[in-house]
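Coordinate analysis (summary)
Each chain, letter by letter, is given below.
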Amino acid sequence: MPAVPWAAQNQGMRLRTRILAGLLSVCCFGILLVRLYVLQIRDHDFYAKRAAGQQLRDTVVPAPRGEIISADGAVLAASATCWTIRASPREMADEHVAMASAALAQLLELDEADLLEMLGDRASNDKLLRRRVGREMADAVRNWCAENGVGGILIQEDTKRYYPEGDFAASVLGFTNVDNAGMAGLELEYDALLTGQAGRVLTAKNAWGYDMPTRYGAYVDPVQGCTLHLTIDSNIQHFLENHLMFAVQEHHVSARAIGIVMDVNTGAILAISTKPDYDPNQPRVIVDEAERAAVDALEGEERRAALQLAQQTQWRNKAISDLYEPGSVFKLITCSAALDAGVITPQSTFVCGASYSVAGTHFHCANNKRHGLQTVAQAVQNSCNQSFIQIGQLLGKEAFCEYFEAFGLCTATGIDLPAEPKKSEFYTADRMGPVELASCAFGQSSKITPIQMITAVAAIVNGGRLMQPYVVESAADASGRELWRTEPTLRRQVISEEASAQMREMMELVVAGGSGRNAYVAGYRVGGKTGTSQKLDSEDEKARIASFIGVAPIDAPRIAVLIALDEPHSFATGGGALAAPVAAQIIDDTLQYLGVPKTYTPEEQQRLETSVPELAGWKTQAAAARLEEDGLAVRVIGEGERVLQQVPQAGRVLPRASTVLLYTEESGQQKTTEVPALAGQDVAGAKQALAAAGLNLDASGALASPNAVAVEQDIPPGESLPMGSVVRVRFYEVLVENDD
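Definitions and limits used
Residues numbered from 1 in each chain as written. Predicted model: local features only at pLDDT ≥ 70, side-chain atom pairs only at ≥ 80, totals over all residues. Heavy atoms only, no water. Helix = DSSP H or I, 4+ residues; strand = E, 2+ residues; numbered from the N terminus. Buried < 20%, exposed > 50% of the residue type's maximum accessible area, 1.4 Å probe, protein only. Contact = heavy atoms within 4.5 Å. Areas by Shrake-Rupley, 256 points an atom, 1.4 Å probe, with all protein chains shown as cover. Pairing = 2+ DSSP bridges. Axes fitted to C-alpha atoms, helices over the stretch in contact; angles between N-to-C directions. Core = buried A, V, L, I, M, F, W, Y, C linked by side-chain atoms within 4.5 Å. Phe/Tyr/Trp six-rings, centres within 6.5 Å; stacked < 30°, edge-to-face > 60°. 1 Å grid on protein atoms, 1.4 Å probe; cavity = no way out; pocket = protein on both sides within 12 Å on 5 of 7 lines; lining within 4 Å. Points joined across faces, edges and corners; volume = space filled by probe spheres on them. Nonpolar A, V, L, I, M, F, W, Y, C, P; charged D, E, K, R; others polar. Patch = residues over 30% accessible without salt bridge, like charges linked within 9 Å, V, L, I, M, F, W, Y side chains within 5 Å. Salt bridge = Lys/Arg side-chain N within 4 Å of Asp/Glu carboxyl O. Lys, Arg positive; Asp, Glu negative; His and termini not counted. Charge placed at Lys NZ, Arg CZ, Asp CG, Glu CD. Parallel < 35°, antiparallel > 145°, perpendicular 65-115°, else oblique. Left-handed = near helix turned anticlockwise from the far one by under 90°.

As for the overall build of the protein chain
Scanning the protein chain from N- to C-terminus turns up 23 helices and 31 strands. Principal-axis analysis of the C-alpha atoms places the extent of the protein chain at approximately 155 × 80 × 50 Å. Relative to its 740 residues, the protein chain shows a buried fraction of 50%. In the protein chain, once contacts between residues fewer than 6 apart in sequence are set aside, the share between residues at least 24 apart is 72%. Carbon together with sulfur atoms contributes 52% to the accessible area of the protein chain, which is approximately 34400 Å² in total.

Some details on the sheet that holds strand 29 (residues 708-713)
Pairing in this open sheet of three strands is mixed, and the strands run 28-31-29 from one edge to the other. One side of each edge strand has no neighbouring strand; the edge strands of this open sheet are strand 28 (696-701) and strand 29. Strand-to-strand, the axes of this sheet are offset by a mean angle of 40°, without reference to chain direction. Pairing between strand 29 and strand 31 (residues 726-733): five bridges, direction antiparallel. Paired with Ala 708 across the strands is Glu 733, a residue of strand 31. Of the strands in this sheet, strand 28, strand 29 and strand 31 are in contact with helix 23 (residues 683-692), which crosses strand 28 at around 155°.

Re the sheet that holds strand 24 (residues 645-647)
Spatial ordering of the open sheet is given by 23-26-24, a layout of three strands whose pairing is mixed. The sheet is open, and its two borders are formed by strand 23 (633-637) and strand 24, each paired with just one other strand. Direction aside, neighbouring strands of the sheet carry axes that sit 20° apart on average. As judged from the five bridges shared by strand 23 and strand 26 (residues 659-663), these two strands associate in the parallel manner. From the neighbouring strand, Ile 637 faces strand 26, where its bridge partner is Tyr 663. Where helix 22 (residues 620-629) meets the sheet, it contacts strand 23 and strand 26, and its direction lies at approximately 160° from that of strand 23.

A short note on the nonpolar core
Side chains of a nonpolar character, in soluble globular proteins, are inclined to be buried together. Ranked by size, the top nonpolar core spans 96 residues in total, and within it Leu 186, Cys 335, Phe 400, Phe 407 and Met 453 carry the most contacts. Looking at which element gives the most residues to this core, the answer is helix 18 (residues 450-461), with nine residues. Each residue touching Leu 186, except ones within four places of it in the same chain, is listed here: Ile 68, Val 172, Leu 173, Gly 174, Asp 191, Leu 194, Leu 230, Asp 416, Leu 417, Val 471 and Val 472. Counting 51 residues, the second largest nonpolar core, distinct from the first, contains Leu 244, Val 511, Leu 591 and Leu 721.

Side note on the pairing of strand 26
Of all five residues making up strand 26, four are buried, and the element is well covered by its neighbours. The pairing of strand 24 with strand 26 spans three bridges and is classified as antiparallel. Looking at the pairing, Gln 645 lines up with Tyr 663 of strand 26.

Re helix 16 (residues 397-406)
Taken together, the buried positions of helix 16 are occupied by Ala 399, Phe 400, Cys 401, Tyr 403, Phe 404 and Ala 406. On the buried face of helix 16, the contacting elements are helix 13 (331-341), helix 15 (385-395), helix 17 (434-441), strand 15 (465-467) and strand 18 (490-493). In the segment just after helix 16, Gly 408 is the residue with positive phi, at about 80°.

Section: the packing of aromatic side chains
Inspection of the entire model under this criterion finds nine aromatic pairs. Ring centres 4.8 Å apart and planes at 50° place the aromatic pair Phe 175 and Trp 315 in the tilted group. Separated by 140 residues along the polypeptide, Phe 175 in the loop between helix 6 (170-173) and helix 7 (185-189) and Trp 315 in helix 11 (residues 300-315) bring together distant segments of the chain. You'll find Phe 175 and Trp 315 in the same group, each marked buried. Ring centres 5.4 Å apart and planes at 40° place the aromatic pair Phe 404 and Phe 426 in the tilted group. Placement of the pair is Phe 404 in helix 16 and Phe 426 in the loop between helix 16 and helix 17, with a sequence separation of 22 residues. Just as Phe 404 is buried, Phe 426 falls in that class too. One aromatic cluster is present, formed by Phe 330, Phe 400, Phe 404 and Phe 426 through successive ring pairs.

Focus on empty space enclosed by the protein
To find the voids left in a structure, one rolls a probe of water-molecule size over its atoms. Counted under the stated rule, the structure contains two cavities of 30 Å³ or more. Looking at the largest cavity, its volume works out to about 40 Å³. Forming the boundary of the largest cavity are His 243, Phe 246, Ala 247, His 251, Val 582, Gln 585, Glu 712 and Tyr 732. Going through the elements one at a time, helix 9 (234-250) and helix 20 (575-593) are the ones with two or more residues in the lining of the largest cavity. Take the lining of the largest cavity: its biggest share by element is three residues, from helix 9. Tallied by class, the residues present in the lining of the largest cavity amount to four nonpolar, three polar and one charged.

Some words on the layout of surface pockets
In this structure, the largest pocket occupies an estimated 1000 Å³ of space. For the largest pocket, the lining is made up of 41 residues, of which Glu 609, Asp 698, Ala 699, Ser 700 and Leu 703 are closest to its centre. Within the residue set of the lining of the largest pocket, elements represented by two or more residues are helix 20, strand 26, helix 23, strand 28, strand 29 and strand 31. Counting residues per element, the lining of the largest pocket draws most heavily on strand 28, at six residues. Tallied by class, the residues present in the lining of the largest pocket amount to 16 nonpolar, eleven polar and 14 charged.

With respect to a negative patch on the surface
Judged by side-chain charge, Asp 111, Glu 112, Asp 114 and Glu 117 come together as a negatively charged surface patch. Assignment of secondary structure puts Asp 111 in the loop between helix 3 (97-108) and helix 4 (112-119). Its relative accessible area of 42% is what places Asp 111 among the partly exposed residues.

A look at the side chain of Gln 311
Looking at the secondary structure, you find Gln 311 in helix 11. Apart from the residues within four sequence positions on either side, Gln 311 is in contact with Arg 284 and Ile 286.

Remarks on the packing of helix 13 against helix 15
Running from N to C, helix 13 and helix 15 point in directions that differ by 40°, and their axes come no closer than 10 Å. In terms of orientation, helix 13 and helix 15 fall into the oblique class. As helix 13 packs across helix 15, the resulting crossing turns out to be left-handed. When helix 13 is examined against helix 15, the residues Lys 331, Thr 334, Cys 335, Ala 337, Ala 338 and Ala 341 are found in contact with a partner set consisting of Asn 385, Phe 388, Ile 391, Gly 392 and Leu 395. Partitioning the contact of helix 13 with helix 15 into residue classes produces seven nonpolar, three polar and one charged.

Remarks on the pattern of salt bridges
Under the defined criterion, the tally for this structure stands at 29 salt bridges. Here Arg 161 makes a salt bridge to Glu 187, at a shortest N to O gap of 2.8 Å. Placement of the pair is Arg 161 in strand 5 (residues 153-162) and Glu 187 in helix 7, with a sequence separation of 26 residues. By sharing partners, the salt bridges in this structure join Arg 316, Lys 318, Asp 322, Lys 535, Asp 566 and Glu 567 into a single network.

Structure representation (structure tokens):
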């Protein structure tokens, strides 16, 4: 083969090189096209987000929680704008660290050494300095950084929850944690609804992660959470809390007190409280000073456990979460069931003797009372255990358990508050023997919640309708548009209207002349039932729960009030002596607030109040005659012809038959007198003692009872008052022993 010239050979190599280069170029270009397709089309969203994450700082702007508003328009829970101060040590110049630590420690009220350590962490891009500060502090930090050219300090808009009324309605409102999430009460139950939609702030940053000197790339406004409008009226809530807290202090209630006010016709809760409770603005602070001191005296794990227990105790809404033995209040359930079943009538009779034997177990009435022969109405009035054992036997265990369930006492009521037990403690028919039926019939051996008890009693008096209890009336979005409204829900008809009417009559007898006489309210017809139950699971054998449920007006029921004092330490432990007076005050305040007019009996008319007229300048005889027309007595001091001064002053409201002093001489000085001690005296004795001192009596409480004695007076004994002044005295029918 002839040799190929070198030039031709070199030309072939160049051709092959060009072809190979062309192929490589095509391959590279193809790969580049595929890569561009992947980056710009197929995986566009992924890389766009990744790039934005590297180029933008995304800061969340928390949304304000929705407000919680009472039925009368009072704001009970709200949110306020605040600012959280953070630092990015990587963005702060080295020469500024020490200066910033010293200045910010003073402005933010922090420890300088701690700040120096945080700002000295040069690898960190985020350090929390102080959470949720006010505008004044945030502006001070912002101004100092601007004046001194210090970077790396971030002032982020935030929101914080606050409760304008402090500890008011705390057990129902609950509270939030540091992240503004609901932790108890309505804050927890409606957390998703109250939580708004967070906003966002996007700012540009450079390759090192530092903020670039530009304005926001974007700002998305946060959306406030929904607003809750409650059935709870702040005025009625105040009545309840004030009287309940006074009872806690007066009777040294060691395991807290419970109060509920319910609209019996709808199931709406008008007020609910457990006292003492806590301040939701500072929920982790132990309110009870003695308890706080005991916790602080401990150390380490022991202190941590004690602190947690004390906090959980004060947060607990006993009205919803605690099971208790209702005692004789439960007799209303047994009686209404037996009436509805037709096994008794109000005129049925039973005998109460020394004891009543059931399967070898002997049962007694409270304090070993022997009521003798009595009707059902009298048995309710006297709270007779033996009679109710016999009523339970006539009803039978199967029917008893059926009515127990029908009244909603087996399972949770479904009220829109958290931590309600799903199930009560009770005997089913297959586990109930004669002795268990006997004890259950008069209120022992079963444990239910206070909200279950008052819901059942509401059904007893409202015509037999078991209503669903609720505390939230409606919800509205951030624009004010109503999202939904709670309509009263009838769960079932439990007893007949006839049985309900019969029960109302018998409940009125309890207050008119039975164990509930301390619940008497002049001008209103009140019915109710007392209860005194032993805490069988307590180490203290003397531990009792004194309770009372009152309904008013009993002839046309509007409200039910439940009061339970858990472990009182006072002159008595009975519900009639301790809880009934509290309910009476709440009933009186609430019905007057709701505009329910008072209707007085002839006896009450004699005690009606009247306003003192303006008599200055009147002739003495004419002034005396005018006072007598108004049912007031008169005492003239001096020999003048005209009235120069009067005590009490014009406009003061006095009970009829009170005495007004008329001063008729310029030289006559207003005389003073010393207030006598009235505790333990009956109405007549207290009136006589005050009259002897030249003072007037304004009496309230169980005035219809011949055994009522003075237990409270608004002016302490020994204090000096102008003669003619009024001393307000409350009378209770005091029972030293348990009354039921």
